[in-house]
Amino acid sequence: STSTTNFTVTGMTCGHCVSSVTEEISEISGVENVDVDLATGSVTVTSSTPLEDDAVRVAVEEAGYALA
Ligand code: 9UX
């Protein structure tokens with residue numbers, strides 16, 4: 001069944017930031033959709049299996065940002 005996860009990413013200030021975060025998170029196994037709200041930093045991910053906290057953190061840091 002589909003799992004939905006929401007978290008906040010700090011440091012994004014433009015559309016390219018959004019693209020980088022979206023691309024990195026999209027590479028996590030099982031991820032089906034990534035929605036990033038630039039104004040609030042809110043990220044909503046739908047996935048076929050529950051997301052690992054570590055995988056999310058690593059992906060966000062790989063993109064150059066941090067979890068709130
Ligand atoms: Mo835009 Mo985001 O020039 O770190 S890529 S500010």
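Residues numbered from 1 in each chain as written. Predicted model: local features only at pLDDT ≥ 70, side-chain atom pairs only at ≥ 80, totals over all residues.

- Looking up the protein in an unreviewed UniProt entry gives the name Copper chaperone, with the organism given as Knoellia sinensis KCTC 19936.

### Structural notes on the overall build of the protein
Line of reasoning, step 1. Within the protein, the regular secondary structure consists of two helices and four strands.
Line of reasoning, step 2. Sequence-ordered secondary structure for the protein, helices as α and strands as β, is β-α-β-β-α-β.
Line of reasoning, step 3. At 11 Å, the protein has a C-alpha radius of gyration in line with the 11 Å of a compact globule built from 68 residues.
Line of reasoning, step 4. Dimensions along the principal axes, computed over C-alpha positions, put the protein at roughly 35 × 20 × 20 Å.
Line of reasoning, step 5. The contacts in the protein between residues at least 6 apart in sequence include a share of 60% that link residues at least 24 apart. (Helix = DSSP H or I, 4+ residues; strand = E, 2+ residues; numbered from the N terminus. Rg over C-alpha atoms; globule rule 2.2 N^0.38 Å. Contact = placed C-beta atoms within 7 Å.)

### Notes on helix H1 (residues 15-26)
Line of reasoning, step 1. Between its terminal C-alpha atoms H1 stretches 16 Å, which fits the 16 Å expected from 12 residues at 1.5 Å a residue.
Line of reasoning, step 2. Every buried residue of H1 is accounted for by Val18, Val21 and Ile25. Along the long axis of H1, the arc covered by the buried residues comes to 70 degrees, so they all point the same way. Opposite its buried face, H1 presents the exposed residues Gly15 and His16, each directed more than 90 degrees away. (Expected span 1.5 Å × (residues − 1). Buried ≥ 20, exposed ≤ 12 C-beta atoms within 10 Å, placed from the backbone. Arc of directions from axis to C-beta.)

### Quick word on the sheet that holds strand E1 (residues 3-10)
Line of reasoning, step 1. An order of E2-E3-E1-E4 is seen for the four strands of this open sheet, with the pairing classed as antiparallel. Each edge of the sheet is formed by a strand with only one pairing partner; in this case those strands are strand E2 (31-36) and strand E4 (66-67).
Line of reasoning, step 2. Relative to E4, E1 runs antiparallel, the two sharing two bridges. Along E4, the bridge assignment pairs Thr10 with Ala66.
Line of reasoning, step 3. Each of E1, E2 and strand E3 (42-47) is contacted by H1, which is oriented at about 160 degrees to E2, the strand it contacts most. (Pairing = 2+ DSSP bridges. Axes fitted to C-alpha atoms, helices over the stretch in contact; angles between N-to-C directions.)

### Section: the environment of Glu27
Line of reasoning, step 1. Summarising the element assignment, Glu27 is placed in the loop between H1 and E2.
Line of reasoning, step 2. On a C-alpha basis, the gap between Glu27 and Val45 in space is 12 Å, while along the polypeptide they are 18 residues apart.

### Brief notes about the site of the ligand
Line of reasoning, step 1. Every residue close to the ligand is listed here: Thr13, Cys14, His16 and Cys17.
Line of reasoning, step 2. Considering only residue class, the shell around the ligand consists of two nonpolar, two polar and no charged. (Near = placed C-beta within 6 Å. Nonpolar A, V, L, I, M, F, W, Y, C, P; charged D, E, K, R; others polar.)

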